[in-house]
Structures are given as C-alpha cells and as structure tokens.
Amino acid sequence: MKCGAGALIIAIVRRMQLVELEDLPWMPAAVRDGGTDLLDFGFDRLGFYRGVVPKLEALLDRTGKTQVIDVCSGGGGGALYAIRALRDAGREDVRFVLTDRYPNEAGRARVAERNDSRLVYREEPVDALSVPSELDGVRTMWGALHHFPPEAVTALVASIVRDGKPLGFFDVAASPALRRLPTVLAPVAMGVNMATLFVGSFVLVPFVRPLRASRWALTYLLPLIPALVAWDGTVSAIRAYAPDELLSIARSVPGGDAYEWDAGVAGSALYFTGCPRAA
C-alpha cells in the first residue's frame, strides 16, 4: 500500500470551518430566519439544553448578576429555553436581553408573546465582538459558537475578558464518534444526516410558531428552508468544538489567567463558562 493511500484511510475527521448558509451575508432573511426558527424549535422540543441551564444558574449565583446579555440570539432558541427553565425553578429575578447582529423578526415576536417585563429583544443590531458598554451582565451565547473559527473565538473571549464580564457559552458538542470516523466515511455520514434533516423539516414546519406564510412557501413550494437546515445542521456537527479546545483558547487570551474556566458536555450539549476570580 502506498504511503499516501494509507494516510488517507487512517485520517480522521477533525473540526473543519465549512461554510454554513445562514452565515452568508446575501442569504435572504426569510430563508435564514426560517432555518434558524426550525432548528430552534427542534432543540426546544428535545430539551437539548436541559443539562446546561444549571451551569448558567450557578454562574449567576456566583457572580451575583441578575442580568443576562445574550449575543447571536437569532430566533431566541436556547435563551428562551433557559429563561423558561429558570422561571420554572423559581428564578424570577433574572432579566434577559437578547441581541443579534441580524435581529430576527420571529424571535422578537416570540419575546413579545411572552409578555415578560424581564425579557427583551434589542431592536438595534449588536455585534458579539463589540457589545455596548451599557449592556452589563453575564454574557451568553446559545447554539452559535461553532459559527466562529478559532481566531474569532479567541477574539470573542478576549473581548469579554477585557470587559471583565462572566460568560456562559452553550452549543452543540463535538461528537467523539465523528472525530474518530475515518475521513473516507465522512461523506456517507454527512449524506445520511442531511437527508434526515431535509425530510424532517417538512414534518416540523407546521408546528413552528409564530405561523409565517414565507416559512410555508419556502418549505413546501420552494424547499430552500429544508435545504438550509439539512446543510447547516450537518455542517454544525463538523464545526463543533470540544471542551479542551475551548479551554486552551481561554487560557491563551490576555487576562485569561485571572478567570476560572470550566467546559464539558451534558448530554449532547457543550458548556463553556468563565468567571473572574475576583467576582
């Protein structure tokens, strides 16, 4: 066997910064929002973040903070799940401010429907790398960290450390099985996953709220939303971080040694938290 061929066979899938369709600036908002709405709905129904909400609650208790500044909120997804879980646990004191670089109309509608005085969706665009100083609180991100390449994660963490804020990031965790998968088998695994998500989109869309004509049209007449969900949902797994990768990044940023870092996996969800030691 030639050396090159042998190397190909034993190579395993590593994290790859493939492009997700929702990240493309020219992607129509109706398609982008329709896809994120559908993914958020699926995560909510699965209780995907159930195991990591206690990590956020512990961070709030430790820092004494009662406000959460959520970045890259999209349709609300994980943040709305978290606030509901905290309310169910009797935590009525926590205020959530949802923000996004591209504020999501459906997300704002969901927030308005809650009629919760301690839950707002900021109308002005907010860049996760440059959060306005008046937005003080625990900095969170749900289901978006994998969109950032390592250098952007480093810049993101560095900006939060520079501001002296506690952080809690929650996302899809890197799959050990996928990481061990020979590269030659990766296309097969991706194809199966994409087909499942594509078909599943047609089943789930009728249950997503609020109802939107554009979401139905872009699913059943022109299936752009199922295509986005199939591709982005699959690529997310390949872009997902492992806990040790995030801890390595956190400890490398200026001022990172003044924080206590924690990262791990609960179920299939990743958690990554940081708290200033002086807090």
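Quick summary incoming for the structure in this document. What you see is a predicted model; the values in this text were computed from it and never measured.

## As for the pattern of salt bridges
Right, on to step 1. Under the definition given, this model contains 20 salt bridges.
Right, on to step 2. Note that Asp44 and Arg84 form a salt bridge whose closest N and O atoms lie 2.7 Å from each other. Separated by 40 residues along the polypeptide, Asp44 in helix H2 (residues 29-46) and Arg84 in helix H4 (residues 77-88) bring together distant segments of the chain.
Right, on to step 3. Classification of Arg84 by relative accessible area gives partly exposed; the value is 32%.
Right, on to step 4. A salt bridge links Arg277 to Glu260, with the shortest nitrogen-to-oxygen separation between them at 3.9 Å.

## Quick notes on the side chain of Lys165
Right, on to step 1. The residue Lys165 is located in the loop between helix H6 (150-163) and strand E5 (167-172) in this model.
Right, on to step 2. Leave out the neighbours within four places in its chain, and Lys165 touches Asp136, Gly137, Arg139, Ile160, Tyr259 and Pro276.

## Describing the packing of aromatic side chains
Right, on to step 1. Under the counting rule described, the total for this entry stands at eleven aromatic pairs.
Right, on to step 2. Their ring planes at 25 degrees and their centres at 4.4 Å tell us that Phe43 and Phe48 sit as a pair that is stacked.
Right, on to step 3. Assessed through its relative accessible area of 26%, Phe43 is described here as partly exposed.
Right, on to step 4. Each ring, one from Trp216 and one from Tyr220, has its centre 5.4 Å from the other, and the planes form 50 degrees; the classification is tilted. On the criterion of helical spacing, the pair formed by Trp216 and Tyr220 is a turn pair, its members being four residues apart in helix H9 (residues 213-221).

## Quick notes on the side chain of Asp100
Right, on to step 1. By the secondary structure assignment, Asp100 is in the loop between strand E2 (95-98) and helix H5 (105-114).
Right, on to step 2. It is Arg32 that comes nearest to the buried, bridge-free Asp100 among opposite-charge side chains, at 7.5 Å.
Right, on to step 3. A polar atom in the side chain of Asp100 sits 3.1 Å from the backbone nitrogen of Ser73.
Right, on to step 4. Of note is the side chain of Asp100, whose polar atom sits 2.7 Å from the backbone nitrogen of Gly74.
Right, on to step 5. For Asp100, the contacting residues outside a window of four places in its chain are Cys72, Ser73, Gly74, Tyr121, Glu124, Pro125 and Val126.

## A look at the nonpolar core
Right, on to step 1. In this structure, Met141, Leu145, Val153, Phe169, Trp261 and Phe272 are the most contacted members of the largest nonpolar core, which totals 32 residues.
Right, on to step 2. Counting only elements with at least two residues in this core, the list comes to strand E1 (67-71), H6, E5, helix H11 (243-252), strand E6 (259-266) and strand E7 (269-276).
Right, on to step 3. The element that contributes the greatest number of residues to this core is H6, accounting for seven residues.
Right, on to step 4. Those residues in contact with Trp261 that sit more than four places away from it in its chain are Val157, Val161, Leu167, Leu247, Ala250, Arg251, Gly256, Phe272, Thr273 and Gly274.
Right, on to step 5. Membership of the second largest hydrophobic core comes to 31 residues, among which are Trp142, Val172, Ala240 and Tyr271.

The rules we used
- Residues numbered from 1 in each chain as written.
- Predicted model: local features only at pLDDT ≥ 70, side-chain atom pairs only at ≥ 80, totals over all residues.
- Heavy atoms only, no water.
- Salt bridge = Lys/Arg side-chain N within 4 Å of Asp/Glu carboxyl O.
- Helix = DSSP H or I, 4+ residues; strand = E, 2+ residues; numbered from the N terminus.
- Buried < 20%, exposed > 50% of the residue type's maximum accessible area, 1.4 Å probe, protein only.
- Contact = heavy atoms within 4.5 Å.
- Phe/Tyr/Trp six-rings, centres within 6.5 Å; stacked < 30°, edge-to-face > 60°.
- Lys, Arg positive; Asp, Glu negative; His and termini not counted.
- Polar contact = N/O pair within 3.5 Å; in protein donor to acceptor, adjacent residues only side chain to side chain.
- Core = buried A, V, L, I, M, F, W, Y, C linked by side-chain atoms within 4.5 Å.

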